[in-house]
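One-letter residues, chain by chain:
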Amino acid sequence: MVSNLSNGIQAIQSCQKGVLSKLILYYCKGYIEELRGLTSTVWRFTKELYPDLQVEFINIKDYGRRRVTEFFIVPNMPISRLNYRIWRLEIAVLFDHLLTCKTNDHLVTLHLECEEPIQHFSSTFIPFLQACKKLKCLELSVMYPTSGIDLLLKSWLENAHESLEKVIIDVWNIDGEDEYQSLIKLTTGYKFILKLRGLNIRLNLHIKWFIY
């Protein structure tokens, strides 16, 4: 599909602009070695042909392979929705690549699943989210002991994200009732005020269950 689309786009570069408004790409295989991919140049011509095009990229799984990110996400790609599962790749590396490709200029929905705890959570997320001026929906799934979620909520109180409308954060594998209650105390106040200010926010905390 990718090769045919690339050839088709290159063949009609000089044609009249069309009406294509959405392209949904769903990554469902773990192997990219046989794929050629779409280059930044191809996407630039695509945007010229279809100025209102929005790309939704669903189910990217990198599993520590930085090449997956660099293969699929390139400059000039107008990604409005990104569903990304990350494992064994630093979140800062992903965000740096997205900023380099200016993906943040187009993002409306970001669904991010992190299968390992994130170090420096707030200092990594806050600058990136501030750069996403069109972001409306944010869904995060993170593993405990990721810390700094309260600082992310606090940052939205101090410097409101103008476009953000909906936030869902799931924290998994919380190690016991004490840690669970501590997270509730850290975040409840911020969450309550954000709701009063009109942000549709939900924070789901999940305790790790031990099976003996």
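Residues numbered from 1 in each chain as written. Predicted model: local features only at pLDDT ≥ 70, side-chain atom pairs only at ≥ 80, totals over all residues. Heavy atoms only, no water.

Colleague: I keep staring at the overall build of the chain and nothing clicks. Help me out?
Modeller: Secondary structure assignment for the chain yields seven helices and seven strands. Residue burial in the chain is summarised as follows: out of 212 residues, 42% are buried. Taking as baseline every contact in the chain between residues at least 6 positions apart, the subset at least 24 positions apart corresponds to 81%. Surface accessibility of the chain: about 12100 Å² in total, with carbon and sulfur atoms responsible for 52%. (Helix = DSSP H or I, 4+ residues; strand = E, 2+ residues; numbered from the N terminus. Buried < 20%, exposed > 50% of the residue type's maximum accessible area, 1.4 Å probe, protein only. Contact = heavy atoms within 4.5 Å. Areas by Shrake-Rupley, 256 points an atom, 1.4 Å probe, with all protein chains shown as cover.)

Colleague: Would you mind showing me how to read helix H2 (residues 40-49) here?
Modeller: Since one α-helical turn is 3.6 residues long, residues separated by three or four positions face the same way. When H2 is considered as a whole, its buried residues turn out to be Val42, Trp43, Thr46 and Leu49. Taken end-on, H2 shows its buried residues confined to a sector of 115°, consistent with a single buried face. (Arc of directions from axis to C-beta.)

Colleague: Just checking my understanding: could you explain the packing of aromatic side chains for this structure?
Modeller: How two aromatic rings sit relative to each other is given by the distance of their centres and the angle of their planes. All chains considered together, the criterion is met by five aromatic pairs. Where phenylalanine 57 meets phenylalanine 72, the ring centres are 5.4 Å apart and the plane angle is 80°; that geometry is what we call edge-to-face. On the criterion of sequence distance, the pair formed by phenylalanine 57 in strand E2 (residues 54-61) and phenylalanine 72 in helix H3 (residues 66-72) is long-range, its members being 15 residues apart. Of the two residues, phenylalanine 57 and phenylalanine 72, both sit in the buried class. Their ring planes at 5° and their centres at 4.0 Å tell us that phenylalanine 95 and phenylalanine 128 sit as a pair that is stacked. Placement of phenylalanine 95 in helix H4 (residues 91-100) and of phenylalanine 128 in helix H5 (residues 121-131) is noted, with a sequence separation of 33 residues between them. A network of ring pairs unites the aromatic residues Phe95, Phe121, Phe125 and Phe128 as a single cluster. Above the plane of the ring of phenylalanine 45 lies arginine 44, whose end atom (NZ or CZ) is 4.8 Å from the centre. (Phe/Tyr/Trp six-rings, centres within 6.5 Å; stacked < 30°, edge-to-face > 60°. Lys NZ or Arg CZ within 6 Å of the ring centre and 35° of its normal.)

Colleague: Where do I start with the packing of H5 against helix H6 (residues 149-158) in this structure?
Modeller: Direction vectors running N to C along H5 and H6 enclose 30°, while the axes themselves pass 8 Å from each other. Comparing the axis directions of H5 and H6 gives the class roughly parallel. In the crossing of H5 with H6, the sense of the turn from one axis to the other is right-handed. Residues Phe121, Ser122, Ile126 and Leu129 of H5 pack against Ile149, Leu151, Leu152, Ser155 and Trp156 of H6. Residues that form the contact of H5 with H6 fall into these classes: seven nonpolar, two polar and no charged. (Axes fitted to C-alpha atoms, helices over the stretch in contact; angles between N-to-C directions. Parallel < 35°, antiparallel > 145°, perpendicular 65-115°, else oblique. Left-handed = near helix turned anticlockwise from the far one by under 90°. Nonpolar A, V, L, I, M, F, W, Y, C, P; charged D, E, K, R; others polar.)

Colleague: Hey, could you run me through the packing of H4 against H5 in this one?
Modeller: Describing two packed helices takes the angle between their axes plus the distance from one axis to the other. Their axes nearest at 10 Å, the elements H4 and H5 cross at an angle of 20°. Considering their axes alone, H4 and H5 lie roughly parallel with respect to each other. For the pair H4 and H5, the crossing hand works out as left-handed. Residues Ile91, Ala92, Phe95, Leu98 and Leu99 of H4 touch H5, and the partners they reach there are Thr124, Phe125, Phe128 and Ala131. Split by residue class, the contact of H4 with H5 holds eight nonpolar, one polar and no charged.

Colleague: Can you help me understand the confidence of the model for the chain in this one?
Modeller: Reading predicted coordinates in detail is not appropriate for stretches of low pLDDT. On average, residues of the chain carry a pLDDT of 85, and 83% of them reach 70 or more. Ranking the elements of the chain by mean pLDDT puts helix H1 (residues 2-11) last with 54 and strand E5 (residues 137-143) first with 96. (pLDDT = per-residue confidence, 0-100.)

Colleague: Looking at this structure, how should I read unusual backbone geometry?
Modeller: When glycine is set aside, most residues are seen to have a negative phi, and most peptide bonds are trans. The amide bond that connects tyrosine 144 to the next residue, proline 145, takes the cis arrangement and shows omega of 15°. Among the secondary structure elements, proline 145 is positioned in the loop between E5 and H6. In this structure, histidine 120 takes a positive phi of about 55° despite not being glycine. With a phi close to 65°, asparagine 173 is a non-glycine residue in the positive phi region. Topologically, asparagine 173 is positioned in strand E6 (residues 166-174).

Colleague: I tried to follow the pattern of salt bridges on my own but got confused; where do I start?
Modeller: Side chains that differ in sign of charge can pair as their charged atoms come close. Per the stated rule, a full pass over the model turns up six salt bridges. Its salt-bridge partner being glutamate 48, residue arginine 44 comes within 3.8 Å of it at the nearest N-O pair. Taken together, the residues span about one helical turn, with arginine 44 and glutamate 48 both in helix H2 at a distance of four residues. Residue classification places arginine 44 among the partly exposed residues on the basis of a relative accessible area of 37%. Classification of glutamate 48 by relative accessible area gives partly exposed; the value is 41%. (Salt bridge = Lys/Arg side-chain N within 4 Å of Asp/Glu carboxyl O.)

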